[in-house]
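Survey of secondary and tertiary structure
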Amino acid sequence: MSFQKNILALTAITSMPSALAAEAPNIIVIVADDLGYGDLGITGHPHIKTPHLDALAKGGARFNHFYSPAQVCSATRASMMTGRMPHRHGIYSFIGGSSGSLSHLPKKEITIPQLLRKKGYQTAIVGKWHNSLIQVQQKNPVIPSMDHYGFDYWFCSDDNAKILNKPNWIRNGKNEGIRQGLAANVVGDEAVKWLKHERDSKKPFIQFVHFYEPHWYVAGPENLVSEYLKDSTSNKNQAHYFAAVTNVDKEIGNITKTLKELKLLKNTVIFFSSDHGPATLGGGRTDRNYGTAAPYRGKKYGLWEGSVHTPGIVHWPAKVAAGKVVETPAGSIDWFPTVCEITNTAAPDNVEIDGQSFLPLLLDKSFTRRKPLQWHHYNTSQKKSPNPNSVMRVGDHIICGFYSPESQLARASWKEPHIVKIKQGKIVRYALYNIRKDPQQKTDISEQNPKLFKSLKAKLDAAHETYKNQAVGWDGVNPIYP
């Protein structure tokens, strides 16, 4: 079936009958920004209080080995929305702020909200989008609209790094300017308002709630900062980070409280994760990045374990038993096929999906991953002490491939000529780790396990070559994606 015919088939799906809609599960996808694996109470942070996320994890499923699709925000978010790795949709790094960039998730990509809207779901996003610039789209129709991407309702700002008094909030195409206060509270309030006042109670819904915190410039409520300064740290910048995470948790608590009040909590599937590992942005007085990937090594922009190993929670009281702990590796690239299976929605049949539904893991059924989780990137912003550039997880083992230091770029933002780096990337050395026994990746065990190393090296080399050969980019003529 051609892609055009596939789209026609999707548009032919009728709206959901009201009787069926009453049984259809609602979906809420919550994403934190730059949150490290170790930044929650449930994952072992000694100071940060996250009682609401801890309760969601204890009341549902917690994934101990959950991964983001990439180590930088836009690439991850595009893959979350499509179930496809960055080399397929062409977003390899972040789309820059409100700078006027025309880069965007390609129009031909099929997203979760597109599919569910055809199924009869209401679709909404509140918070960080970062797969295109909404402000630029208002003036340049080269960028697809949020409606095209599948959203009935959106309330977002492209000014991703401004946390206090964030400007340029756009609601359904209309710019509403600055909203006073911290972004987390704005996002949380708007998410609750949509649930209470905008939602059609006769239809199921999918709502994306994408927080901007604890991204740099990090800021938390002063009352929480004071509490952490009193009880946990003498460093005010660190206290701001702790407070920012707790503030996000508080807003998630307000959302779950609202679902309970509306009698929606039981049959609402709540997914939670971070877009990647913690950041090291800023410097001096502006350095408030105190996130941790503990017990794992790595930060944002790298491909060490902590760069992509993130918290993973699924809460669905109607189907998922409380207290479930999942040890099988999975990730947010799996959200697309998982949501399709949960909602009985047909996935596109001629589009390569890299994720795999982990619904069987939630229901104690058999699960075998068809494709290993893997990550490839031309630039990890380290020349003196390079991060891995190509990584694959197979069972308990992580095989890492490194480019030469000279091939690295200084920044991770995406520019048209950088496609050359992807097409010409060459692995020059390797390392093998048992990630369960060695979470800090200190001991390369390739020499002690030559047979395993040879096998995994061959898998990584083959995957990396495929990645390079299939990688899409700018068309070479116009600085836009198709």
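Report follows, based on the coordinates. Predicted model only: the values in this text are computed from it and were never measured.

1. Here we look at the overall build of the protein
In terms of helices and strands, the protein carries 15 helices and 15 strands. In the protein, which comprises 482 residues, the share counted as buried stands at 60%. Accessible area for the protein stands at about 19,000 Å²; split by element, carbon and sulfur atoms hold 52% of it.

2. Quick notes on helix α9 (residues 222-231)
Listing the buried residues of α9 in full gives L224, V225 and Y228. Buried residues along α9 cover an arc of 105° about the axis, so they all sit on one side. Packed against the buried residues of α9 are α10 (236-261).

3. With respect to the packing of helix α8 (residues 183-198) against α10
Two numbers describe how α8 lies on α10: the axes approach to 9 Å, and their chain directions differ by 10°. One way to sum up the angle between α8 and α10 is to call them roughly parallel. Taking contact as the criterion, the partners of A184, N185, G188, D189, A191, V192, L195 and K196 in α8 are, on α10, N247, V248, K250, E251, N254, I255, T258, L259 and E261. Considered class by class, the residues forming the contact of α8 with α10 number 7 nonpolar, 5 polar and 5 charged.

4. A look at the sheet that holds strand β14 (residues 397-402)
What the 4 strands build is an open sheet, ordered β12-β13-β14-β15; its pairing is antiparallel. Strand pairing shows two members of the sheet lacking a second neighbour, β12 (373-376) and β15 (429-434), which therefore form its edges. Averaged over all adjacent pairs, the angle separating strand axes in this sheet is 10°, with direction ignored. Against the sheet, helix α15 (residues 450-470) touches β12, β13 (390-394), β14 and β15, its axis set at about 55° to β14.

5. Comments concerning the packing of aromatic side chains
By the definition in use, this model includes 19 aromatic pairs. Consider the rings of Y37 and Y296, whose centres lie 5.5 Å apart with planes at 70°: the pair is edge-to-face. Pair noted here: Y37 is in the loop between β1 (26-32) and α3 (51-58) and Y296 is in the loop between β8 (268-274) and α11 (305-308), with a separation of 259 residues, a long-range link. Pair check on accessibility: Y37 and Y296 agree, each one buried. Each ring, one from W304 and one from Y433, has its centre 6.2 Å from the other, and the planes form 70°; the classification is edge-to-face. Placement of the pair is W304 in the loop between β8 and α11 and Y433 in strand β15, with a sequence separation of 129 residues. Taken as a pair, W304 and Y433 share a single burial class, namely buried.

Reading the values: rules and limits
Residues numbered from 1 in each chain as written. Predicted model: local features only at pLDDT ≥ 70, side-chain atom pairs only at ≥ 80, totals over all residues. Heavy atoms only, no water. Helix = DSSP H or I, 4+ residues; strand = E, 2+ residues; numbered from the N terminus. Buried < 20%, exposed > 50% of the residue type's maximum accessible area, 1.4 Å probe, protein only. Areas by Shrake-Rupley, 256 points an atom, 1.4 Å probe, with all protein chains shown as cover. Arc of directions from axis to C-beta. Contact = heavy atoms within 4.5 Å. Axes fitted to C-alpha atoms, helices over the stretch in contact; angles between N-to-C directions. Parallel < 35°, antiparallel > 145°, perpendicular 65-115°, else oblique. Nonpolar A, V, L, I, M, F, W, Y, C, P; charged D, E, K, R; others polar. Pairing = 2+ DSSP bridges. Phe/Tyr/Trp six-rings, centres within 6.5 Å; stacked < 30°, edge-to-face > 60°.

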